[in-house]
Amino acid sequence: MKKLLYIILVLYAVIIGVGILFLLNNGKDAVPVKDGAVLAKEKRLMDLKAESDAYWNQLRSYYDDSPQEYMGAQFDMDRPIGELIKSYEEEFSNLCALFDLLRESDETIYQRFCDAMDEYDIDYSVLDRIPYYDNPLANPNWETHNLAVRNFRSSVNGRWTLVVLKLLEQQLFITPDDQELHRMVIDYRDKFKSCYESSYAD
């Protein structure tokens, strides 16, 4: 009887020991239990991702179903954010180039008028009696070109640079090991500093 009791105690000890080892080994890989706040945040993120996917899929469906010849503008919605930023800045540069063309046209309109009169032998000397500030052909829209447009370009460029900088910084906080992103942040910090330090035309 004592021998049987001894065997039962040994088996019981072995079972307990195996159980402890099992718990210790599996505890290393155990997934911690998430509290309610973490689960709620994850669900919110999943809901926002689903909302974003639905929005972009709807736009892609509209774009795919629309005749290309009737599209006023085409947008590549799947381009990386860096390429989209560069694309916008190129478009803004093109807009500024158009402003420059209009300014140059107004600056030379009087001379081009005089050249045309000379070509057809038309006397325009009477125009010399008009003061330049009353002459509609003497550098028209000077204030618009040299003040309003200049301030507009400076304001839009500065605000755009600030928005990009803020977005890039927020992304860098999420992916701090992204060295290329870090370089972009530093670059846009320098750009915004330059925009901030430049003064408006008065």
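Residues numbered from 1 in each chain as written. Predicted model: local features only at pLDDT ≥ 70, side-chain atom pairs only at ≥ 80, totals over all residues. Heavy atoms only, no water.

### Here we look at the overall build of the protein
Here is the rule: Segments assigned H or I by DSSP are reported as helices when at least four residues long, segments assigned E as strands when at least two residues long, and all are numbered from the N terminus. Accessible area is worked out with a 1.4 Å probe on protein chains only. A residue is then buried under 20% of its type maximum, exposed over 50%, and partly exposed in between. Note on areas: Shrake-Rupley with a 1.4 Å probe; residue coverage comes only from the protein chains shown.
Regarding its fold elements, the protein presents five helices and zero strands. Order of helices (α) and strands (β) in the protein, N terminus to C terminus: α-α-α-α-α. A burial count over the protein gives 13% of its 202 residues as buried. Total accessible area on the protein stands at roughly 16700 Å², and carbon and sulfur atoms take up 61% of it.

### A word on the layout of surface pockets
Applicable threshold: For cavity detection a 1 Å grid was placed over the protein atoms alone, and a set of points counts as a cavity when a 1.4 Å probe fits there but cannot get out; an open set counts as a pocket when protein lies on both sides within 12 Å along at least five of seven lines, with lining residues being those that have an atom within 4 Å of a point. Grid points are joined across faces, edges and corners, and a volume is the space filled by probe spheres set on the points. Lys, Arg, Asp and Glu make up the charged group, whereas Ala, Val, Leu, Ile, Met, Phe, Trp, Tyr, Cys and Pro make up the nonpolar group; the residues left over, Gly among them, are polar.
Of the volumes computed, that of the largest pocket is approximately 260 Å³. Along the wall of the largest pocket there are ten residues; nearest its centre are Gln74, Phe75, Arg79, Leu84 and Ser87. Counted by class, the lining of the largest pocket contains five nonpolar, two polar and three charged residues. Size it by volume and the second largest pocket reaches roughly 200 Å³. If you trace the second largest pocket, you find 14 residues lining it, with Ile81, Gly82, Ile85, Leu168 and Leu181 closest to the centre. Contributing elements (two or more residues each) for the lining of the second largest pocket: helix H3 (81-119), helix H4 (142-174) and helix H5 (179-197). For the lining of the second largest pocket, the class distribution of residues is nine nonpolar, three polar and two charged.

### Regarding a negative patch on the surface
The cut-off we apply is this: A patch consists of residues exposed above 30% relative accessible area that lack any salt bridge, with like charges linked at up to 9 Å and nonpolar side chains (Val, Leu, Ile, Met, Phe, Trp, Tyr) linked at up to 5 Å. Salt bridge, as applied in this entry: a Lys or Arg side-chain nitrogen positioned within 4 Å of an Asp or Glu carboxyl oxygen. His residues and chain termini do not enter the charge count, which takes Lys and Arg as positive and Asp and Glu as negative. In this description, the location of a charge corresponds to atom NZ of lysine, CZ of arginine, CG of aspartate or CD of glutamate.
On the surface, Asp115, Asp118, Glu119, Asp121 and Asp123 cluster together into a negatively charged patch. By the element assignment, Asp115 lies in helix H3.

### Some words on the environment of Val156
Definition in use: Note on contacts: a residue pair qualifies if any of its non-hydrogen atoms lie within 4.5 Å across the two residues.
Locating Val156 in the fold gives a position in helix H4. Accessibility expressed as a relative area gives 23% for Val156, which makes it partly exposed. Between the C-alpha atoms of Val156 and Phe92, which are 64 residues apart in sequence, the distance is 9.2 Å. Beyond its immediate stretch of four places on either side in the chain, Val156 contacts Tyr88 and Phe92.

### What to know about the side chain of His145
This is how the line gets drawn: In the analysis that follows, any N or O atom pair within 3.5 Å is treated as a polar contact, provided that within protein one partner can donate a hydrogen and the other can accept it, and provided that, for residues neighboring in sequence, both atoms belong to side chains.
One can find His145 in helix H4. Of note is the side chain of His145, whose polar atom sits 2.7 Å from the side chain of Asp106. Once residues lying within four places of it in the same chain are set aside, the contact partners of His145 are Phe99, Leu102, Arg103, Asp106, Pro140 and Arg150.

### A closer look at the packing of H4 against H5
Spelled out, the test is: Axis lines are fitted through C-alpha atoms, for helices just across the contact stretch, and the angle between N-to-C directions can take any value from 0 to 180 degrees. Working definition: roughly parallel below 35 degrees, roughly antiparallel above 145 degrees, roughly perpendicular at 65 to 115 degrees, and oblique for all remaining angles. When the near helix sits turned anticlockwise from the far one by under a right angle, the crossing is termed left-handed; a clockwise turn instead gives a right-handed crossing.
Between H4 and H5, the shortest axis-to-axis distance is 9 Å and the interhelical angle comes to 150°. Comparing their axes, H5 and H4 come out roughly antiparallel. Note that H4 runs across H5; the crossing there is left-handed. Taken together, the residues of H5 that come into contact with H4 (itself represented by Asn157, Gly158, Thr161, Leu162, Val164, Leu165, Leu168, Glu169, Gln171 and Leu172) are Leu181, His182, Met184, Val185, Tyr188, Arg189, Lys191, Phe192 and Cys195. Here the residues of the contact of H4 with H5 are counted per class, giving eleven nonpolar, five polar and three charged.

### Brief notes about the packing of H3 against H4
It is at 11 Å that the axes of H3 and H4 come closest, and there the two elements cross at 175°. Between H3 and H4, the angle is such that the two are roughly antiparallel. Where H3 abuts H4, its residues Ile85, Tyr88, Glu89, Phe92, Leu95, Cys96, Phe99, Asp100, Leu102, Arg103 and Asp106 lie against His145, Asn146, Val149, Phe152, Arg153, Val156, Asn157, Trp160 and Val164. By residue class, the composition of the contact of H3 with H4 is twelve nonpolar, three polar and five charged.

### Quick notes on H3
The condition is simple: Between the first and last residue of a helix there are one fewer steps than residues, each counted as 1.5 Å, and that sum is the expected span. The bend reported for a residue corresponds to the angle between axes fitted to the seven residues ending at that residue and the seven starting there.
Helix length check: H3, at 39 residues, gives a terminal C-alpha distance of 54 Å against a target of 57 Å (1.5 Å per residue), a fit within 8%. The largest bend in H3 comes to about 50°, at Ile109. If you check which residues of H3 are buried, you get Ile85, Phe92, Cys96, Asp106, Cys114 and Met117. In this structure, the buried side of H3 is in contact with H4 and H5.

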